[in-house]
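Below, each chain spelled out in residue letters.
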Amino acid sequence: MRVISGERKGTRLKAVPGSATRPTTDKVKESLFNIIGPYFAGGDALDLYAGSGGLGIEALSRGCDHAVFVDKQRKAVQTVTDNLQTTRYESKATVLQQDARSVLDQLVLKGQPFKLIFMDPPYHAEEHVPFLEIIETNRLLTDNGVVVCEHGSDVMLPDRVGQLEKIKVQRYSDVITISFYEYAATEE
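Residues numbered from 1 in each chain as written. Predicted model: local features only at pLDDT ≥ 70, side-chain atom pairs only at ≥ 80, totals over all residues. Heavy atoms only, no water.

### Focus on the nonpolar core
In this structure, Leu32, Ile36, Phe69, Leu116 and Phe118 are the most contacted members of the largest nonpolar core, which totals 26 residues. Counting residues per element, the ones that place at least two in this core are α1 (26-36), α2 (54-61), β2 (66-70), α3 (74-87), β4 (114-119), β5 (141-152) and β8 (176-183). When neighbours within four sequence positions are excluded, Phe69 is seen to be in contact with Asp47, Ala50, Gly53, Gly56, Ile57, Leu60, Val80, Leu84, Ala93, Thr94, Val95 and Leu96. By size, the runner-up hydrophobic cluster in this structure holds 25 residues, among which are Leu132, Ile135, Cys149 and Val161. (Core = buried A, V, L, I, M, F, W, Y, C linked by side-chain atoms within 4.5 Å. Buried < 20%, exposed > 50% of the residue type's maximum accessible area, 1.4 Å probe, protein only. Helix = DSSP H or I, 4+ residues; strand = E, 2+ residues; numbered from the N terminus. Contact = heavy atoms within 4.5 Å.)

Structural data, given as structure tokens:
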């Protein structure tokens, strides 16, 4: 696992020890960033279920200003912290060892929107729709932002959640599919 592009291109990242976390492969990561970016002029990223932190770190390497990494597993939080030290992004990151829902509730109170939100819960959890509802209702996504939902290929996410509209679905295997959401264009 490595940083694919940007200022930290080629830096190797640690994986979370054990089998409780499944990292997004380099091939999938490169493809999804080619869809949403590939580079950014600032903005903040939210990496829910961060695991090793690969997606949030990639966003920082490609130009995001700050990233919030969320995982409730102690081993994952330690791995994210180690990877941030390796990439020298500690000052551009906040790492939270908490439940993703609790963090979303806190962000609602702060009113902090993000340019990129990565959601990759364990496939059996499939918490995408309730989380998309929270994000949409509370405007946790900037107007030009994207929510990236990694999910099992056997799951079909809705085309629309409030004003969030699914703009693309990319199937990578019989197991992995990614759905991309942004705010629907409004007619003037």
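### Structural notes on unusual backbone geometry
Geometrically, the link from Gly37 to Pro38 is a cis peptide bond, its omega value of 5° lying close to zero. Residue placement: Pro38 occurs in the loop between α1 and β1 (44-48). Its identity as a non-glycine residue notwithstanding, Tyr49 has a phi of 55°, on the positive side. Structurally, the position occupied by Tyr49 is in the loop between β1 and α2. Taking relative accessible area as the criterion, Tyr49 reaches 19% and is therefore assigned buried.

### As for the packing of aromatic side chains
All chains considered together, the criterion is met by 3 aromatic pairs. Aromatic side chains Phe33 and Phe40 sit 6.2 Å apart centroid to centroid with 65° between the ring planes, which places their arrangement in the edge-to-face category. Residue classification places Phe33 among the buried positions, given a relative accessible area of 0%. Geometrically, the ring pair formed by Phe33 and Phe118 is tilted, given 5.8 Å between the ring centres and 45° between the ring planes. Of this pair, Phe33 sits in helix α1 while Phe118 sits in strand β4; the two residues are 85 residues apart in sequence, bridging distant segments of the chain. Taken together, the ring pairs connect Phe33, Phe40 and Phe118 into an aromatic cluster. Positioned over the ring face of Tyr183 is Arg139, at 3.9 Å from the centre of the ring. (Phe/Tyr/Trp six-rings, centres within 6.5 Å; stacked < 30°, edge-to-face > 60°. Lys NZ or Arg CZ within 6 Å of the ring centre and 35° of its normal.)

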